[in-house]
Amino acid sequence: MRGAEPADAPDEAFTLADYERRARALLPPAIWDFIAGGAGEERTLRANEAAFERLWLLPRVLTGAGRPITGIRLLGRDWPAPIGVAPVAYHTLVHPEGEIATARGAARAGLPFVVSTFAGTVLEDIAAVAGGPLWLQLYCFRDRDVTRRLVERAEHAGFEAIVLTVDAPRLGRRLRDVRNDFRLPPGVAPANISGDDFASPAGHAAVAFDPALDWSVLSWLRSVSGLPIVLKGILGTSDARRAVAAGADAIVVSNHGGRQLDGSPATLEMLPGIVAAVAGGVPVLIDGGVRRGVDVLACLALGAAAVLVGRPVLHGLTAGGADGVAGVLGILLDELQDTMALTGVDSLEAVDRSLVAQREQLPHLPLAGLGTPPLLPDAAWRT
Ligand SMILES: Cc1cc2nc3c(=O)[nH]c(=O)nc-3n(C[C@H](O)[C@H](O)[C@H](O)COP(=O)(O)O)c2cc1C
Ligand SMILES: CCCCCCC(=O)C(=O)O
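Every value quoted in this text rests on a predicted model; they were computed, and no experiment measured them. (Residues numbered from 1 in each chain as written. Chains lettered and ligands numbered in written order. Predicted model: local features only at pLDDT ≥ 70, side-chain atom pairs only at ≥ 80, totals over all residues.)

(A) The arrangement of the overall build of the protein chain in detail. Within the protein chain, the secondary structure is distributed over 13 helices and twelve strands. Relative to the 2.2 N^0.38 estimate, which gives 21 Å for 383 residues, the radius of gyration of the protein chain is 20 Å and therefore close to what a compact globule would have. Each principal axis of the C-alpha distribution contributes one length, and for the protein chain these read about 65 × 50 × 40 Å. Per-residue burial over the protein chain gives 49% buried out of 383 residues. Taking contacts inside the protein chain between residues at least 6 apart in sequence as the whole, the part at least 24 apart equals 72%. (Helix = DSSP H or I, 4+ residues; strand = E, 2+ residues; numbered from the N terminus. Rg over C-alpha atoms; globule rule 2.2 N^0.38 Å. Buried ≥ 20, exposed ≤ 12 C-beta atoms within 10 Å, placed from the backbone. Contact = placed C-beta atoms within 7 Å.)

Rendered as structure tokens:
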């Protein structure tokens, strides 16, 4: 248990951990496992959250920063805060209105929503209720016509970017799902692609995903869409550089929430090296284990332009539909504002690496060095 938290599912939620406990109490165990689980022994899943425990924020005092402004501009659009909803399949698993309720919840905060290829509701219906930027997450199928039609529909419906997931030539081996023989319940299916046999996500992916996907997919995608292309699932510096060279408009440092390669590093640990490698060429976003406003600020201090949040949004959706999603995003936003004010920064332009220190390194720092602490050793970032 973390912090001052009740052991049982709380009636009211004050933190994302409260929402998590409420969702767990409400969901059937196999659905809970599908959402909460990761690949293999879940080392990477655990590492994502644990990495945040190793960073401290170093407050600056008397800066007059009591009313911080959280807005950013990304891919030509203003975001009220550097927080978006990560693409997560099948919101209809946890709430009958699925992504429609999520879009309504995100709209209340005006925050962006990345809709999964495997959304359980129709893209055009989601677009009709959205209030912030909408991006489409794309899995590239063996059948490029199916993939192209999805992109064209999204563009026509007003989606503003394509987020191509590049870490999934197949699905990771998620042992909870294997042990549960997980199947989608009746009534839960992808609403935007046709076909059958979707019930086993891993089985369907094995048949439908293009296992031979390579960098040429970017020029193919450019040939079918004029939308900005964001590559999601970059973890290494050389891939990050290659993404920029290949014309990506942004990248998301992601290990798919620990659901793909178990044994890959925490995203937070890889972020500084990737930001350095990209050298301002494109915005770098990150996801994985972001659970508090402090975590958001830590990511920004290490060079991220914005964070995406996955499981917590589903927890909010489970607990309270659109209200729950708005609740989760509202808590993160409030916590980010608290953190900025207490750290002494009044805008995100004032956030830089001098705000964070790695716990293990602090005792060795001379006092004068506290302003510019070295973070993880370079070797940890190389690929
Ligand atoms: C239940 C579930 C379904 C997901 N579905 C997708 C998906 O359809 N496409 C995708 O690119 N990533 C998918 N992801 C990964 C998320 O986009 C994101 O990378 C990850 O959840 C971030 O970590 P967090 O949950 O710790 O915030 C999924 C994650 C979960 C938990
Ligand atoms: C073929 C269905 C696959 C859904 C995959 C969703 C996903 O990315 C996940 O991590 O789960």
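(B) Layout of the packing of helix α4 (residues 98-109) against helix α13 (residues 311-343). Packing of α4 against α13 leaves a shortest axis separation of 9 Å and a crossing angle of 20°. Viewed along their axes, α4 and α13 adopt a mutual orientation that is roughly parallel. Judged by the twist between their axes, the crossing of α4 over α13 is right-handed. Across from A101, T102, R104, G105, A106, R108 and A109 in α4, the residues of α13 making contact are V313, G316, L317, G321, A322, D323, G324, V325, A326, L329, G330 and L333. Counted by class, the contact of α4 with α13 contains ten nonpolar, six polar and three charged residues. (Axes fitted to C-alpha atoms, helices over the stretch in contact; angles between N-to-C directions. Parallel < 35°, antiparallel > 145°, perpendicular 65-115°, else oblique. Left-handed = near helix turned anticlockwise from the far one by under 90°. Nonpolar A, V, L, I, M, F, W, Y, C, P; charged D, E, K, R; others polar.)

(C) Focus on unusual backbone geometry. Although it is not a glycine, E42 sits at a positive phi angle of roughly 65°. Taking the C-beta count within 10 Å as the criterion, E42 has 17 such neighbours and is therefore assigned partly exposed.

(D) Examining the site of ligand 2 more closely. Taken together, A89, F118, P201, H204, A205, H256 and R259 make up all the residues around ligand 2. Looking at the shell around ligand 2, its residues break down into four nonpolar, two polar and one charged. (Near = placed C-beta within 6 Å.)

(E) Representation of the UniProt feature "binding site: glyoxylate" (unreviewed entry) in the protein chain. Here, the residues flagged by UniProt with the feature "binding site: glyoxylate" (unreviewed entry) are Y139, R174, H256 and R259. Among the structural elements, Y139 can be located in the loop between β6 (134-138) and α6 (144-157). Once you skip the residues sitting within four places of it in the chain, Y139 turns out to touch T117, T165, A168 and F209. Inspection of the secondary structure puts R174 in the loop between β7 (161-165) and α7 (175-180). Non-local contacts of R174, meaning those with residues more than four positions away in its chain, are made with G37, G38, A39 and R259. (UniProt positions renumbered as here; feature names shortened; annotations may be inferred.)

(F) Local environment of the confidence of the model for the protein chain. Put simply, the protein chain has an average pLDDT of 92, and 92% of its residues get 70 or more. By mean pLDDT, the top-scoring element of the protein chain is strand β11 (residues 306-309) (99), and the lowest-scoring one is helix α8 (residues 201-208) (87). Across residues 365-383 the pLDDT falls below 50, and counting only partners more than four positions away or on other chains, this stretch makes 25 contacts in the model. (pLDDT = per-residue confidence, 0-100.)

(G) The arrangement of the site of ligand 1 in detail. Close contacts around ligand 1 come from 24 residues, with S116, T165, G257, G310 and R311 the closest. Residues of the shell around ligand 1, tallied by class, amount to nine nonpolar, eleven polar and four charged.

(H) Representation of the packing of helix α12 (residues 293-301) against α13 in the model. Following both chains from N to C, one finds α12 and α13 inclined at 60°, their axes separated by 7 Å at the closest point. With respect to α13, the element α12 is oriented oblique. Considering the relative orientation of α12 and α13, their crossing is right-handed. Along its contact with α12, which presents G293, V294, V296 and L297, the element α13 presents L332, E335, L336, D338, T339, M340 and T343.

(I) Summary view of the pairing of strand β10 (residues 284-287). Side chains of β10 alternate between two faces, with V284 and I286 and L285 and D287 buried alike. Inspection of the sheet shows strand β9 (residues 250-253) paired to β10 by three bridges, in the parallel sense. Looking at β10, one finds that V253 is bridged to I286. The parallel pair β9 and β10 is bridged by helix α11 (residues 267-278), and the resulting crossover is right-handed. Both β10 and β11 contribute to a ladder of three bridges, which runs parallel. (Pairing = 2+ DSSP bridges. Right-handed = clockwise from strand over helix to strand, strands pointing away.)

(J) Representation of helix α3 (residues 43-53) within the structure. Considered for burial, the residues of α3 that qualify are T44, L45, A47, N48 and A51. Taken end-on, α3 shows its buried residues confined to a sector of 170°, consistent with a single buried face. (Arc of directions from axis to C-beta.)

(K) Spotlight on the nonpolar core. Of all hydrophobic cores here, the largest spans 113 residues; its most connected members are V230, I251, C299, A304 and V307. Among the elements that make up this core, the one with the highest residue count is α13 (13 residues). (Core = buried A, V, L, I, M, F, W, Y, C linked by C-beta atoms within 7 Å.)

(L) Region of interest: the environment of P169. With respect to the helices, strands and loops of the structure, P169 is situated in the loop between β7 and α7. For the pair P169 and D249, spaced 80 residues apart in sequence, the C-alpha to C-alpha distance is 22 Å. When sequence neighbours within four positions are dropped, the list of residues in contact with P169 reads F209, P211 and L213.

(M) View of the pairing of β9. Burial of the side chains of β9 extends over both faces: A250 and V252 are buried on one face and I251 and V253 on the other. One ladder, built from four bridges, connects strand β8 (residues 229-234) with β9; its direction is parallel. Within β9, the position partnered with L231 by the bridge is I251.

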